Every structure is written in structure tokens, then in C-alpha cells.
Amino acid sequence: RIDAAAARGQEAYIVYDSGWNTALSRGADVLLYAFLALFFSGIYAMEYQYGMDRTAKTTARGAASLHKSKLALAAIVGLVAFVVFWSVDTVILLRALPLPHAAFPLASVRETALSLPLWLTLSLSSLWHLIKALVLSVGVCGLSRLLKRVYLTRPAALLLALALLP
């Protein structure tokens with residue numbers, strides 16, 4: 001790996017790479033996705049079931065304001081849930097495997113043409129997983145609003161969660 005990086009004109013160093021490879025290879029958190037899919041699957045369905053959707057429409061901006069509030073809530077809960085789940089995973093990873101030399105280039109642990117430092121690569125990977133969690137949270141709200149029934153929304157939300165898995 002080091003020789004291949006040198007042949008490409010990249011800097012690479014010998015690094016204990018087990019921790020980095022594990023951190024960079026971790027996929028989506030299935031429990032997080034299941035939690036978000038099930039948590040938000042009834043966010044609109046309950047309104048339609050109990051007739052609250054008609055009540056919200058009786059005020060000037062009731063339905064629009066309620067919709068914005070629910071999407072904001074979904075984004076905030078998605079963010080907080082991601083931070084909690086990702087933090088637990090990170091603490092477990094750091095207790096099991098070290099992540100030394102974070103400033104070294106990615107080519108030190110993987111064969112790649114990218115010359116990003118390891119810490120930035122891990123940060124971008126985490127950001128990508130956060131974006132997917134937010135898409136799931138807001139997407140499930142949209143499904144709930146569109147399908148209007150919990151028994152329809154839950155399977156569709158779980159399918160959306162599966163689609164977001166790597």
C-alpha cells in the first residue's frame with residue numbers, strides 16, 4: 001500500500017490501521033434507521049385517524065405551520081438520535097481500537113487516489129451518515145403525510161430505511 005501510494009506520487013506512512021479501517025468501513029446504524037422509521041411513521045397518520053387534520057385547516061396558516069413544525073421536529077430528533085447512536089458507536093470503537101496519526105493521509109491505510117487526511121475522511125463519512133439519517137427522518141414524515149395510515153406508513157418507512165443502507 002505504501003509503495004503503491006509512492007508510485008502515484010502520494011505521501012503515505014506506516015500506521016496501525018485496524019482502527020481506521022473499522023471506523024471508515026462502518027456502515028449505517030440499522031438500529032438508528034429502525035428507530036427513526038418507526039418513530040416518525042405515525043406523525044401524520046394519527047392526525048388523519050382522529051380528524052385533527054381538519055381542525056388544523058380551520059386556522060389561517062394552521063396546516064402549513066403544523067407541517068413546518070413537524071419537519072423541523074423530525075430534523076432535530078433525527079440529528080439528536082444520530083449524535084447519540086453515533087457517539088455510542090464511536091466510544092465503543094475507541095475503547096476497542098486506537099485511531100493514531102489522524103493527520104496522516106488516507107493512502108496510509110487504504111489504496112486510494114485521495115490525499116485527504118484521515119480525520120477529514122472520517123468527518124466526511126460521519127457527515128454523509130448524518131445526511132442519510134436526516135433524509136430518513138424527513139422522508140418518513142412525508143410518507144406519513146402521503147399515506148395517512150400507520151399500517152401503510154410503517155412498512156414504507158422501513159423500505160426507505162433499507163434503501164438508505166449501504
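As the structure is a prediction and not an experimental result, all values here were calculated from the model. (Residues numbered from 1 in each chain as written. Predicted model: local features only at pLDDT ≥ 70, side-chain atom pairs only at ≥ 80, totals over all residues. Heavy atoms only, no water.)

A closer look at the overall build of the protein chain
Our working rule: Secondary structure elements are defined from DSSP: runs of H or I of at least 4 residues count as helices, runs of E of at least 2 residues count as strands, and each element is numbered from the N terminus. Relative accessibility decides the category of a residue: with a 1.4 Å probe and only protein chains considered, values under 20% of the type maximum give buried, values over 50% give exposed, and everything between is partly exposed. By definition in these notes, contact holds between two residues if any of their heavy atoms fall within 4.5 Å.
Each helix and strand in the protein chain was counted, giving 8 helices and 0 strands. Element order for the protein chain, N to C, with α for helix and β for strand: α-α-α-α-α-α-α-α. The buried share of the protein chain, reckoned over its 166 residues, is 37%. Relative to all contacts within the protein chain whose residues are 6 or more apart in sequence, the contacts with residues 24 or more apart total 77%.

Some points on the packing of aromatic side chains
Going by this rule: Stacked, edge-to-face and tilted are the three classes for Phe, Tyr and Trp ring pairs, Trp counted by its six-membered ring, which pair at centre distances within 6.5 Å; planes under 30 degrees apart are stacked, over 60 edge-to-face, the rest tilted.
Throughout the structure, instances matching the rule amount to 4 aromatic pairs. Between Phe 82 and Trp 86 the ring centres are 5.2 Å apart and the planes differ by 20°, which places this aromatic pair in the stacked class. Separated by 4 residues within a single helix, Phe 82 and Trp 86 lie in helix α6 (residues 62-96), roughly one turn from each other. Accessibility expressed as a relative area gives 9% for Trp 86, which makes it buried. An aromatic cluster is present here, built from Phe 35, Phe 39, Phe 40 and Phe 85 joined pairwise through their rings.

A look at the nonpolar core
Under the convention used in this document: Definition of nonpolar core: a set of buried residues of the types Ala, Val, Leu, Ile, Met, Phe, Trp, Tyr and Cys, connected through side-chain atoms within 4.5 Å.
Among the nonpolar cores identified, the biggest contains 20 residues, and Leu 32, Tyr 33, Leu 36, Phe 40, Phe 82, Leu 136 and Cys 141 are the most heavily contacted of them. Once residues within four sequence positions are removed from consideration, Leu 36 is found in contact with Gly 78, Ala 81, Ala 133, Leu 136, Ser 137 and Val 140.

Observations concerning the packing of helix α7 (residues 118-147) against helix α8 (residues 150-164)
A pair of packed helices is captured by two measures, namely the crossing angle of their axes and the spacing between those axes. Where we set the bar: Fitted lines through C-alpha atoms give the axes, limited to the stretch in contact for helices. The angle between two N-to-C directions lies from 0 to 180 degrees. An angle counts as roughly parallel when it lies under 35 degrees, as roughly antiparallel when it exceeds 145, as roughly perpendicular when it falls between 65 and 115, and as oblique in every other case. Left-handed describes a crossing in which the near helix is turned anticlockwise from the far one by less than a right angle; the clockwise case is right-handed.
At their nearest, the axes of α7 and α8 sit 9 Å apart, and the two run at 155° to each other. The pairing of α7 with α8 is recorded here as roughly antiparallel in orientation. Viewed along their axes, α7 and α8 form a crossing whose handedness is right-handed. Contacts from Lys 132, Val 135, Leu 136, Gly 139, Val 140, Leu 143, Ser 144 and Leu 147 of α7 reach α8 at Leu 152, Thr 153, Ala 156, Ala 157, Leu 160, Ala 161 and Leu 164.

Let's talk about the confidence of the model for the protein chain
For clarity, the threshold we go by: Scored from 0 to 100, pLDDT reflects the predictor's confidence in each residue.
Residue-level pLDDT values for the protein chain average 77, and 69% of them are 70 or greater. For the protein chain, per-element mean pLDDT is lowest for helix α1 (residues 2-7), which scores 61, and highest for helix α3 (residues 30-40), which scores 88.

What to know about the side chain of Ser 126
As for its placement among the helices and strands, Ser 126 is situated in helix α7. Other than its neighbours up to four places away in sequence, Ser 126 contacts Phe 82 and Trp 86.

Structural notes on unusual backbone geometry
Leaving glycine out, the prevailing phi sign among residues is negative, and the prevailing peptide bond configuration is trans. For Lys 148, which is not glycine, the phi torsion reads 65° and is therefore positive. Among the structural elements, Lys 148 can be located in the loop between α7 and α8.

Here's the deal with the environment of Leu 71
Looking at the secondary structure, you find Leu 71 in helix α6. Aside from chain neighbours lying at most four places away, what touches Leu 71 is Val 138 and Cys 141.

Quick notes on the packing of α3 against α8
Let me state the cut-off plainly: Each residue gets one of three labels, nonpolar for Ala, Val, Leu, Ile, Met, Phe, Trp, Tyr, Cys and Pro, charged for Asp, Glu, Lys and Arg, and polar for the others, Gly among them.
Across the interface, α3 lies against α8 with an axial gap of 9 Å and an inter-helix angle of 150°. Relative to α8, the element α3 is oriented roughly antiparallel. Both α3 and α8 take part in a crossing whose hand is right-handed. Residues Tyr 33, Ala 37 and Leu 38 of α3 form the contact with α8, whose participating residues are Arg 154, Ala 157, Leu 158, Ala 161 and Leu 164. Among the residues forming the contact of α3 with α8, the class breakdown is 7 nonpolar, no polar and 1 charged.

Digging into the side chain of Ser 137
Tracing the sequence through the fold places Ser 137 in helix α7. Those residues in contact with Ser 137, other than ones at most four positions away along the chain, are Leu 36, Phe 40, Ala 74 and Gly 78.

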